[in-house]
Amino acid sequence: MNKLKFAIIGCGRISGNHIKAILDNFEDVELVSVCDILKDRAELRADEYLIKAQEKNIPAIRPNVYSDYREMLQKEDINVCAICTESGYHAEVSLYCLNLKKHVLVEKPMAMSLLDADRMIQTAQKNNVKLAVCHQNRFNPSIQKLRQAIDEGRFGRIFAGTARILWNRNKEYYDKANWRGTWKLDGGCLINQCTHNIDLLQWMINSEINSVYGQTGNYLHPYIQAEDYGSIIIKFKNGAIGNIEGTVCVYPKNLKETLTILGEKGTVIIGGMALNKILVWDFEDKIDSLEEMQQKYNTEIPNVFGNGHNPLYKNFIDSIRNNINPLVDGNEGKKSLSIILMAYKSQKYSRAISYSKDLNIRSEDFEGML
Ligand SMILES: NC(=O)c1ccc[n+]([C@@H]2O[C@H](COP(=O)([O-])OP(=O)(O)OC[C@H]3O[C@@H](n4cnc5c(N)ncnc54)[C@H](O)[C@@H]3O)[C@@H](O)[C@H]2O)c1
């Protein structure tokens, strides 16, 4: 079988995880080209790909380097684009690639407006290509086991869930990239740092959204436009309540991230640096113990990005090969984005926002809100 030919667009911090995931799936895929408007960054990633391939004895050719993705897509024979630019460019770049019938794996958040998210979903459908969003924590073994327990009905009725992200990001972090914390290219901590856990909360509750109430503020980061603290209450159509507390203000460093799911016959809390450790696992059926689950499914991770890009790539490749939906397709990626943008709108108008399918909310509409 021919290898799928990948290109990476945007060669900053997170692109290293994509390089690693491509190499870990080398039997199925190869990296043909890399692109960054700052060409030096693309050169570095091209070198890194080759060096890491040699270290692992993987046959590889140095990817071609570009500073213009349009030129790259004209010159190279690419099947799949991994889009790792600043969030505010995801929609524009994705739509360009999808219209050229390239499969697209886009970093989170998939877009900065629900209209753009819908456009991406429709364009992928129209061109008969796959669109997936990098919510890699869905593939953590602890998270997969939690979702399995839900699918098996072990919780009974789930009445509530809570996502808490108590982190610290200081001035040095924001100074490193001037797009961070801007309404147009990033948003605040809810959409950047908390989006994975928000995605997981809604995935576990597994119901459409009824309404969202949000309160946000900027308390300790006057040099960014968007929020550094947010609290959200979600009412789901199945009656369950979702609670979110997310912040980058915790003194003096990252404290913890947890996902709690409460059911009539079970309680689970997942924690760790990126939801990679089971902290509480207690079911009425007693078919497994906390110690056993921790031993089997807790993992060690190098940083907050975790190890999820590798299985996410596997799942995406599988979806292309077998023409099935990837686990986090465009519609799935849109769910956490909807919750966050509805929370921003709720803050702006001081009321709960009801969900409707044709919501048109754009992050940039909140400029000057806080
Ligand atoms: N999945 C995760 O856990 C995770 C973690 C970190 C970041 N991210 C997401 O990944 C994205 C990138 O984050 P980052 O920290 O790597 O940012 P970064 O600033 O380090 O890198 C972004 C790169 O994109 C390049 N770029 C911008 N426009 C381009 C264009 N038109 N063509 C080619 N390159 C272009 C920039 O020059 C820059 O090098 C963000 O959307 C962020 O939310 C995801």
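Heads up: these notes are all about the structure in this document. (Residues numbered from 1 in each chain as written. Predicted model: local features only at pLDDT ≥ 70, side-chain atom pairs only at ≥ 80, totals over all residues. Heavy atoms only, no water.)

### With respect to the site of the ligand
Residues in close proximity to the ligand total 25 residues, the closest being Asp36, Arg41, Ser87, Glu107 and Gln136. Within the backbone of Lys108, one N or O atom sits 2.9 Å away from an oxygen atom of the ligand. Gln136 has a polar side-chain atom sitting 2.8 Å from an oxygen atom of the ligand. With the chains in place, 93% of the 860 Å² that the ligand exposes on its own is no longer accessible. (Near = heavy atom within 4 Å. Polar contact = N/O pair within 3.5 Å; in protein donor to acceptor, adjacent residues only side chain to side chain. Areas by Shrake-Rupley, 256 points an atom, 1.4 Å probe, with all protein chains shown as cover.)

### Regarding the packing of helix H4 (residues 90-99) against helix H5 (residues 114-126)
Two quantities define a packed helix pair, namely the angle between the axes and the distance from one axis to the other. The N-to-C vectors of H4 and H5 enclose an angle of 10°; their axes lie 9 Å apart at closest approach. Taken together, the axes of H4 and H5 lie roughly parallel to each other. Where H4 abuts H5, its residues His90, Ala91, Ser94, Leu95, Leu98 and Asn99 lie against Asp116, Arg119, Met120, Thr123, Ala124 and Lys126. A class-by-class count of the residues in the contact of H4 with H5 yields five nonpolar, four polar and three charged. (Axes fitted to C-alpha atoms, helices over the stretch in contact; angles between N-to-C directions. Helix = DSSP H or I, 4+ residues; strand = E, 2+ residues; numbered from the N terminus. Parallel < 35°, antiparallel > 145°, perpendicular 65-115°, else oblique. Contact = heavy atoms within 4.5 Å. Nonpolar A, V, L, I, M, F, W, Y, C, P; charged D, E, K, R; others polar.)

### Some remarks on the pattern of salt bridges
Within this structure, the stated rule accounts for 25 salt bridges. The closest approach of N and O atoms between Asp288 and Arg154, which form a salt bridge, is 2.8 Å. You can see Asp288 sitting in the loop between strand E13 (277-283) and helix H9 (290-297) and its partner Arg154 sitting in the loop between helix H6 (141-151) and strand E7 (158-166), a full 134 residues away along the chain. Across the salt bridge formed by Asp282 and Lys286, the nearest N and O atoms sit 2.8 Å from each other. Relative accessible area serves as the criterion here: at 41%, Asp282 is assigned to the partly exposed category. Assessed through its relative accessible area of 58%, Lys286 is described here as exposed. If you follow the salt bridges from partner to partner, you end up with Arg138, Asp199, Glu332 and Lys335 in one network. (Salt bridge = Lys/Arg side-chain N within 4 Å of Asp/Glu carboxyl O. Buried < 20%, exposed > 50% of the residue type's maximum accessible area, 1.4 Å probe, protein only.)

### A look at the sheet that holds strand E9 (residues 229-236)
As a general point, the strands of a sheet are linked pairwise by backbone hydrogen bonds and lie either parallel or antiparallel. Reading across from one edge, E13-E12-E11-E7-E10-E9-E8-E14 is the order of the eight strands in this open sheet, with mixed pairing throughout. Unpaired on one side and paired on the other, E13 and strand E14 (353-354) mark the two borders of the sheet. Strand direction decides the pairing type here: E9 and strand E10 (residues 241-247), joined by seven bridges, are antiparallel. The residue of E10 that forms the bridge with Tyr229 is Thr247. Across the sheet, H6 lies against E7, strand E11 (256-263), strand E12 (266-271) and E13, angled at about 20° from E13, the strand it touches most. Relative to the sheet, helix H11 (residues 330-349) contacts strand E8 (209-217), E9, E10 and E14, its axis offset from that of E8 by approximately 55°. (Pairing = 2+ DSSP bridges.)

### Observations regarding the packing of aromatic side chains
The way to describe two aromatic rings as a pair is by their centre distance and the angle between their planes. Within this structure, the stated rule accounts for ten aromatic pairs. Relative to Phe366, the ring of Trp183 has its centre 6.0 Å away and its plane inclined at 55°; by these criteria the two rings are tilted. One end of the pair, Trp183, is in the loop between helix H7 (171-175) and helix H8 (195-205); the other, Phe366, is in the segment after E14, and 183 residues separate them in sequence. On the basis of relative accessible area, Trp183 is assigned to the buried category, the value being 1%. Overall, Phe366 belongs to the buried group, its relative accessible area being 3%. Arranged with centres 5.2 Å apart and planes meeting at 75°, the rings of Trp281 and Phe283 form a pair that is edge-to-face. The class for Trp281 is buried, based on a relative accessible area of 5%. Judged by relative accessible area, Phe283 falls into the buried class, the value being 3%. Three or more aromatic residues link up through ring pairs in this structure, and these residues are Phe155, Trp281 and Phe283. (Phe/Tyr/Trp six-rings, centres within 6.5 Å; stacked < 30°, edge-to-face > 60°.)

### Some remarks on the sheet that holds strand E6 (residues 131-133)
In spatial order, the strands read E3-E2-E1-E4-E5-E6; together these six strands make up an open sheet with parallel pairing. Whereas interior strands pair on both sides, the edge strands pair on one side only; in this sheet they are strand E3 (64-66) and E6. Here the average twist between neighbouring strands, direction ignored, is 25°. On the sheet, helix H1 (residues 15-24) packs against strand E1 (4-9), strand E2 (29-35), strand E4 (80-83) and strand E5 (103-106) and is oriented at approximately 170° with respect to E1. Here helix H2 (residues 39-55) sits on the sheet and contacts E2 and E3; the angle it forms with E3, its principal contact strand, is near 165°.

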